Protein chains: 2
Amino acid sequence: MSELEAVSVAVSPSEKYREYLATQRLRMTRERAIIVEEVFATHEHFDAEQLIQRLNLRQDGKRVSRSTIYRSIKQLEDARLIRKVARQDDRDLYEHDYGYPQHDHLICKKCGELTEFDNDKISELLEEVARGFGFRIEGHRLEAHGLCDKCCRRPRERPKKLNLI
Amino acid sequence: MSELEAVSVAVSPSEKYREYLATQRLRMTRERAIIVEEVFATHEHFDAEQLIQRLNLRQDGKRVSRSTIYRSIKQLEDARLIRKVARQDDRDLYEHDYGYPQHDHLICKKCGELTEFDNDKISELLEEVARGFGFRIEGHRLEAHGLCDKCCRRPRERPKKLNLI
DNA sequence: TTTCCTGCAAAAACTTTGCACTCAC
DNA sequence: GTGAGTGCAAAGTTTTTGCAGGAAA
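The rules we used
- Residues numbered from 1 in each chain as written.
- Chains lettered and ligands numbered in written order.
- Predicted model: local features only at pLDDT ≥ 70, side-chain atom pairs only at ≥ 80, totals over all residues.
- Heavy atoms only, no water.
- Contact = heavy atoms within 4.5 Å.
- Buried area = accessible area lost by both parts, 1.4 Å probe.
- Salt bridge = Lys/Arg side-chain N within 4 Å of Asp/Glu carboxyl O.
- Polar contact = N/O pair within 3.5 Å; in protein donor to acceptor, adjacent residues only side chain to side chain.
- Helix = DSSP H or I, 4+ residues; strand = E, 2+ residues; numbered from the N terminus.
- Pairing = 2+ DSSP bridges.
- Axes fitted to C-alpha atoms, helices over the stretch in contact; angles between N-to-C directions.
- Buried < 20%, exposed > 50% of the residue type's maximum accessible area, 1.4 Å probe, protein only.
- UniProt positions renumbered as here; feature names shortened; annotations may be inferred.
- Domains from an automatic or database assignment.
- Parallel < 35°, antiparallel > 145°, perpendicular 65-115°, else oblique.
- Left-handed = near helix turned anticlockwise from the far one by under 90°.
- Nonpolar A, V, L, I, M, F, W, Y, C, P; charged D, E, K, R; others polar.

This part takes up the interface of chain A and chain B. Every contact between the two is made by 36 residues of chain A and, on the other side, 35 residues of chain B. Between chain A and chain B, roughly 3100 Å² of surface is buried when both sides are summed, and carbon and sulfur atoms account for 67% of that area. Taken together, chain A and chain B are joined by one salt bridge. Counting every contact that joins chain A to chain B gives eleven residue pairs in polar contact (both at pLDDT 80 or more). Elements supplying a minimum of two residues to the side of chain A that touches chain B: strand 4 (104-108), strand 5 (114-117), helix 5 (120-132), strand 6 (136-147) and helix 6 (149-153) of chain A. In terms of residue count, strand 6 of chain A provides more of the side of chain A that touches chain B than any other element does, twelve residues in total.

Let us now look at the sheet that holds strand 2 (residues 82-88) of chain A. Residues and elements named next belong to chain A. With respect to topology, three strands assemble into an open sheet ordered 1-3-2, the strand pairing being antiparallel. Pairing within the sheet leaves two strands with one partner each, and these edge strands are strand 1 (46-47) and strand 2. Sheet analysis places strand 2 next to strand 3 (residues 91-96), joined by six bridges and oriented antiparallel. Its bridge partner lying in strand 3, lysine 84 is registered against tyrosine 94. Contacting strand 2 and strand 3, helix 4 (residues 66-78) crosses the sheet at an angle of about 120 degrees to strand 2.

Let us look at the environment of Ile34(A). Residues and elements named next belong to chain A. Within the secondary structure, isoleucine 34 is located in helix 2 (residues 30-39). Placed 18 residues apart in sequence, isoleucine 34 and lysine 16 show a C-alpha to C-alpha distance of 14 Å. Setting aside residues up to four positions removed in sequence, isoleucine 34 forms contacts with Leu55, Lys62 and Val64.

Moving on, we get to the pairing of strand 3 of chain A. For a regular strand, side-chain orientation follows a simple rule: the groups alternate between the two sheet faces. All names here are of chain A. Within strand 3, five of the six residues are buried, leaving the element largely enclosed by the surrounding structure. Across two bridges, the pairing between strand 1 and strand 3 is antiparallel. Residue pairing across strands places phenylalanine 46 opposite tyrosine 94, the latter belonging to strand 3. Where strand 2 folds back onto strand 3 in an antiparallel hairpin, the turn is made up of two residues, including aspartate 89, whose phi is positive at roughly 55 degrees.

Let us look at the UniProt feature "binding site: Fe cation" (unreviewed entry) in chain A. Residue and element names in this part refer to chain A. As recorded in UniProt, the feature "binding site: Fe cation" (unreviewed entry) lies at Asp104 and His140. A stretch of 37 residues holds the annotated residues, and the largest C-alpha distance among them is 8.7 Å, short enough that they meet in one place. By secondary structure assignment, the location of aspartate 104 is in strand 4. Residue contacts for aspartate 104: discarding those within four places in its chain leaves Thr115, Glu116, Phe117, His140, Arg141 and Leu142. Locating histidine 140 in the fold gives a position in strand 6.

Of the residues making up helix 2 (residues 30-39) of chain B, those classed as buried are Ile34(B), Ile35(B), Val36(B), Glu38(B) and Val39(B). Considering only its buried residues, helix 2 of chain B is in contact with helix 1 (13-23), strand 1 (46-47), helix 3 (48-57), helix 4 (66-78), strand 2 (82-88) and strand 3 (91-96) of chain B.

It is worth spelling out the domain arrangement of chain A at this point. Residue and element names in this part refer to chain A. Each assigned domain of chain A is listed with its residue range as follows: domain 1 (8-99) and domain 2 (101-165). The straight-line distance from the C-alpha centre of domain 1 to that of domain 2 is 23 Å. On the domain 2 side, the residues contacting the 15 residues of domain 1 number 16 residues. Summed over both sides, the interface between domain 1 and domain 2 buries roughly 1100 Å², with carbon and sulfur atoms accounting for 44% of that surface. In terms of surface lost to domain 2, no three residues of domain 1 exceed Gln50, Arg83 and Val85, which account for 32% of the buried area on that side. Linking domain 1 with domain 2 are zero salt bridges. Counting the contacts that link domain 1 with domain 2 gives four residue pairs in polar contact (both at pLDDT 80 or more).

Quick look at the packing of helix 2 of chain A against helix 4 of chain A now. Residue and element names in this part refer to chain A. One way to put it is that helix 2 packs onto helix 4 with a least axis distance of 10 Å and a crossing angle of 65 degrees. Between helix 2 and helix 4, the crossing angle belongs to the class labelled roughly perpendicular. Crossing hand, helix 2 versus helix 4: right-handed. Listed contacts from helix 4 to Glu31, Arg32, Ile35, Val36 and Val39 of helix 2 are Thr68, Ile69, Ser72, Gln75 and Leu76. For the contact of helix 2 with helix 4, the class distribution of residues is five nonpolar, three polar and two charged.

Moving on, we come to the UniProt feature "binding site: Zn(2+)" (unreviewed entry) in chain A. With numbering aligned to this structure, UniProt lists the feature "binding site: Zn(2+)" (unreviewed entry) at Cys108(A), Cys111(A), Cys148(A) and Cys151(A). The greatest C-alpha distance among the residues just named is 8.1 Å, despite their covering 44 residues of sequence, which places them together in space. Tracing the backbone shows Cys148(A) in the loop between strand 6 and helix 6. Excluding residues within four positions of it along the chain, Cys148(A) makes contact with Cys108(A), Cys111(A), Glu113(A), Gly134(B) and Phe135(B).

All names here are of chain B. When helix 3 is considered as a whole, its buried residues turn out to be Ala48, Gln50, Leu51, Ile52, Arg54 and Leu55. Taken together, the buried residues of helix 3 touch helix 2, strand 1, helix 4 and strand 3. Between the side-chain oxygen at the start of helix 3 and the backbone nitrogen of glutamate 49 there is a gap of 3.0 Å, and the oxygen is on aspartate 47.

Take a look at the structure:
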């Protein structure tokens, strides 16, 4: 399942965001529209700095300030459009939460590669365990750390720096 | 499994640390001894700031500087004596890795309670998934987020601040 | 026209680092 | 004796915030 297909969704991320903002009596501004569009332009994982860079490079007048980007990332999290995946290089790494199926990650400690997978059995077992504690699960995060296929075979290769776009 | 018993270990954490240092040709200093002792004095989860506070309160001359504590935490991680559990309030939270069985967590988003559990089936399934990708797992982290038993029953109670010791 | 929002710069929060002195081996 | 370790203060990073001007509804 490394090639996930987007789940068909009733409304676009921008629309979903607009709906969220409406429920909170907040406004859909030019900046928020630019950000949600940029965030959902690709399915790459990203961190705040990367998003700032992407929006800073734009010469089409669609620049958005650093503060606003930080503020919006939080809001997109609240709106359940994105969520934190992991920490990488002292930064929170985000991914799409809306319009994308639940999945977990295999994280290569050498090259940083993130492989997505999903396993219903694991989710079921987890539910079962939680039930035993009277715990109501709303979501989970499962990351396995180790060496990916490539890095197992070629252990001498030096790690890529993935944080610099 | 909320009441885990410590696994019986051949050597104490301090001894394990000393061995690690020896393999790296590093030295067991007074400060490092104080830190490893304090870290393993209880099984509580902790973050850097909390450890600094604990060591700062001591009037017995066993104070250790902030820098050294940060440096040692990293080293204890490298030595596999402790490991990161999660992030809480923008800080990395650590727990014992040595002398304590592998386990995962149920994290209550309301009161912050951490419940530990272990399930071999889940670990096995994860291994199986990883094998399919040619991925070699060295460790994993599984956290379920939601509401604990108490908070399901009494949803109106206000969350405790757990970060202040 | 009333809030809410943005950008900027400054601040905050956490962590790392340079350096001179000290100490373990 | 010598290289590693420590404490301090200063700097580095990432993220947050106060505020004045600007813009949705």
